[in-house]
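Structure at a glance
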Amino acid sequence: MTRTIYVNGCYQSFINALLHVEDRATLFADAVYEVVEVKAGKLVDQEAHLERLERSLNEIRLVTDFSLRTIPFIIRETVRRNRVKNGYVYIQISRGCAPRDFIFPNANETPATLIISARAKNPLKLDEKSKKGIKVITHPDLRWKRPDIKTTGLLASVLARQTAIEQGAEEAWLYNEDKFITEGAASNAWIVNTQDELITHPANQSILKGITREGVIRITSELNLTYKERPFTIEEAKEAKEAFITAATNLVMPVTQIDEKSVNDGKSGPISLKLREIFHEFAQISY
Ligand code: PLP
């Protein structure tokens, strides 16, 4: 089966799909994106992802020449054409193609570029990984000051994640100048303290307000747990009872080691695993 990708109104074969060299995504990372999970052929929390996409577009003042309401139809068709049962949909919108200039091109003459792709992923592999948990490293947060906007300008995150991989870890937990953890390179960071309280950084301009993070917050009451949105330090994280990350690509993934320090004796924590187990029961599922 040939994979297809949607680019500006056409479904193209994946290997032949082209983006113009002067697309502003390439020149300036002048683009925003979303990643939505596909589970059993259905979309998980699609509405919330598309609301965040709209927010990101507004924050960078990108006006599209198409209605965002068409996106769910294109997503569905892309998933269907690629026969993705479990995996992810990637959506990217850039400020279109124009001669290189820092100033916004005239929106009336420059249609935005919309790309939508779908990729299959075996969910069992992630479930297996969650039983063992993952290692994270701590790394300075070198990103720009608006990581609440989901832009494709991800070089600092790429470098942090690469460093983590090179050190035998799976994710980098980014810390600010005061040594507080903000979030992961591509995930939100959580700890559980000895009172079984879940703690994660407030959703201000220093982090991306994860849709999976919001899902976990919703579930806490189901499990009679409490959560606190407050910054926590590297030291506090290393002393935590449990730790985990959240992201659409990982759901809830237990963390069993932070730098050289084991968390929960190097085993996936029961609260993290329970949150993972019930996550989809409380997510918004659309066809
Ligand atoms: N934080 C960052 C920096 C991310 O890149 C991501 C996901 O890509 C997340 C958090 C988690 O967001 P979500 O749960 O919406 O996937």
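Quick look at empty space enclosed by the protein now. Empty pockets left among the atoms are what a rolling probe the size of a water molecule brings to light. If you walk through the whole model with that rule in mind, you get one cavity of 30 Å³ or more. There is about 50 Å³ of room inside the largest cavity. Every residue along the wall of the largest cavity is listed here: Glu37, Val44, Asp45, His49, Ile211, Thr212, Ala248, Leu251 and Phe279. Of the residues assigned to the lining of the largest cavity, the class counts are five nonpolar, two polar and two charged.

Below, the discussion takes up the site of the ligand. The environment of the ligand is formed by 18 residues, the closest being Arg52, Glu183, Ile211, Thr212 and Ala248. Between the ligand and Ser187 there is a distance of 3.5 Å, counted from a nitrogen atom to a backbone nitrogen or oxygen. Here an oxygen atom of the ligand and a backbone polar atom of Ala248 are 2.8 Å apart. With the chains in place, 92% of the 390 Å² that the ligand exposes on its own is no longer accessible. Using a 2 Å cut-off from the grid points, one finds that the ligand occupies the largest pocket. If you list the elements that add at least two residues to the shell around the ligand, you get helix 2 (46–59), strand 9 (180–184), helix 6 (211–220) and strand 14 (242–247). Partitioned by chemical class, the residues of the shell around the ligand number seven nonpolar, seven polar and four charged.

For the rest of this paragraph, the subject is the pairing of strand 1 (residues 4–7). Both faces of the sheet carry side chains from a regular strand, because those side chains alternate between them. In strand 1, alternate side chains face the same way, and those of Thr4 and Tyr6 on one face and Ile5 and Val7 on the other are all buried. The pairing of strand 1 with strand 2 (residues 10–13) spans four bridges and is classified as antiparallel. Bridge pairing in strand 2 places Val7 opposite Cys10. A loop of two residues connects strand 1 with strand 2, the two strands running antiparallel in sequence, and Asn8 in this loop sits at a positive phi of about 45 degrees. The pairing of strand 1 with strand 6 (residues 113–120) spans two bridges and is classified as antiparallel. Paired with Val7 across the two strands is Ile115, which belongs to strand 6.

To continue, consider the packing of helix 2 against helix 3 (residues 71–81). When two helices pack together, their arrangement is given by the angle between the helix axes and by the axis-to-axis distance. With their axes 11 Å apart at the nearest point, helix 2 and helix 3 run at an angle of 125 degrees to one another. What the angle tells us is that helix 2 and helix 3 run oblique. The chirality of how helix 2 crosses helix 3 is right-handed. The segment helix 2 lies against helix 3, with Gln46, Leu50 and Leu53 engaging Ile71, Pro72 and Ile75. Split by residue class, the contact of helix 2 with helix 3 holds five nonpolar, one polar and no charged.

Estimated volume of the largest pocket: approximately 1200 Å³. Lining the largest pocket are 49 residues, and of these Tyr33, Arg161, Ala186, Ala247 and Thr249 sit closest to its centre. For the lining of the largest pocket, the leading source of residues is helix 5 (residues 155–166), giving four residues. If you add up the space inside the second largest pocket, you get close to 370 Å³. What lines the second largest pocket is a set of 15 residues, among which Asp141, Arg143, Lys145, Asn176 and Glu177 lie closest to the centre. Among the residues forming the lining of the second largest pocket, the class breakdown is seven nonpolar, four polar and four charged.

A separate point is the side chain of Ser272. Residue placement: Ser272 occurs in helix 8 (residues 270–278). Judged by its relative accessible area of 0%, Ser272 falls in the buried class. Among the polar contacts made by the side chain of Ser272, one reaches the side chain of Glu242 at a distance of 2.6 Å. Those residues in contact with Ser272, other than ones at most four positions away along the chain, are Glu242, Ala243, Phe244, Val252 and Pro254.

Turning our eyes to something else, we now look at the environment of Leu251. Structurally, the position occupied by Leu251 is in strand 15 (residues 251–258). Spatially, the C-alpha atom of Leu251 lies 19 Å from that of Ser157, the residues being 94 residues apart in sequence.

Moving on, we come to the environment of Arg213. Positionally, Arg213 belongs in helix 6. You can call Arg213 buried: its relative accessible area is 0%. Along the chain, Arg213 and Ala203 lie ten residues apart, while their C-alpha atoms are 9.6 Å from each other. Discounting residues that sit within four places of it in the chain, Arg213 has contacts with Asn188, Trp190, Thr200, His201, Pro202, Ala203, Ile207, Glu229 and Thr246. Side chain to side chain, Arg213 and Glu214 meet in a polar contact 2.9 Å long.

All right, on to helix 5 then. Between its first and last C-alpha, helix 5 extends 16 Å over twelve residues, near the 16 Å set by a 1.5 Å rise per residue. What helix 5 keeps buried is the set Ser157, Ala160 and Ala164. Take helix 5 and look down its axis: the buried residues cluster within an arc of 65 degrees, on one side only. Along helix 5, exposed side chains directed more than 90 degrees from the buried face belong to Leu155 and Glu166. Among the structural elements, strand 7 (134–140) and strand 8 (171–175) are those in contact with the buried residues of helix 5. Where helix 5 terminates, the next one or two residues include Gly168, which has phi positive at roughly 75 degrees.

The rules behind these values
- Residues numbered from 1 in each chain as written.
- Predicted model: local features only at pLDDT ≥ 70, side-chain atom pairs only at ≥ 80, totals over all residues.
- Heavy atoms only, no water.
- 1 Å grid on protein atoms, 1.4 Å probe; cavity = no way out; pocket = protein on both sides within 12 Å on 5 of 7 lines; lining within 4 Å.
- Points joined across faces, edges and corners; volume = space filled by probe spheres on them.
- Nonpolar A, V, L, I, M, F, W, Y, C, P; charged D, E, K, R; others polar.
- Near = heavy atom within 4 Å.
- Polar contact = N/O pair within 3.5 Å; in protein donor to acceptor, adjacent residues only side chain to side chain.
- Areas by Shrake-Rupley, 256 points an atom, 1.4 Å probe, with all protein chains shown as cover.
- Sits in = over half its atoms within 2 Å of the grid points.
- Helix = DSSP H or I, 4+ residues; strand = E, 2+ residues; numbered from the N terminus.
- Buried < 20%, exposed > 50% of the residue type's maximum accessible area, 1.4 Å probe, protein only.
- Pairing = 2+ DSSP bridges.
- Axes fitted to C-alpha atoms, helices over the stretch in contact; angles between N-to-C directions.
- Parallel < 35°, antiparallel > 145°, perpendicular 65-115°, else oblique.
- Left-handed = near helix turned anticlockwise from the far one by under 90°.
- Contact = heavy atoms within 4.5 Å.
- Expected span 1.5 Å × (residues − 1).
- Arc of directions from axis to C-beta.

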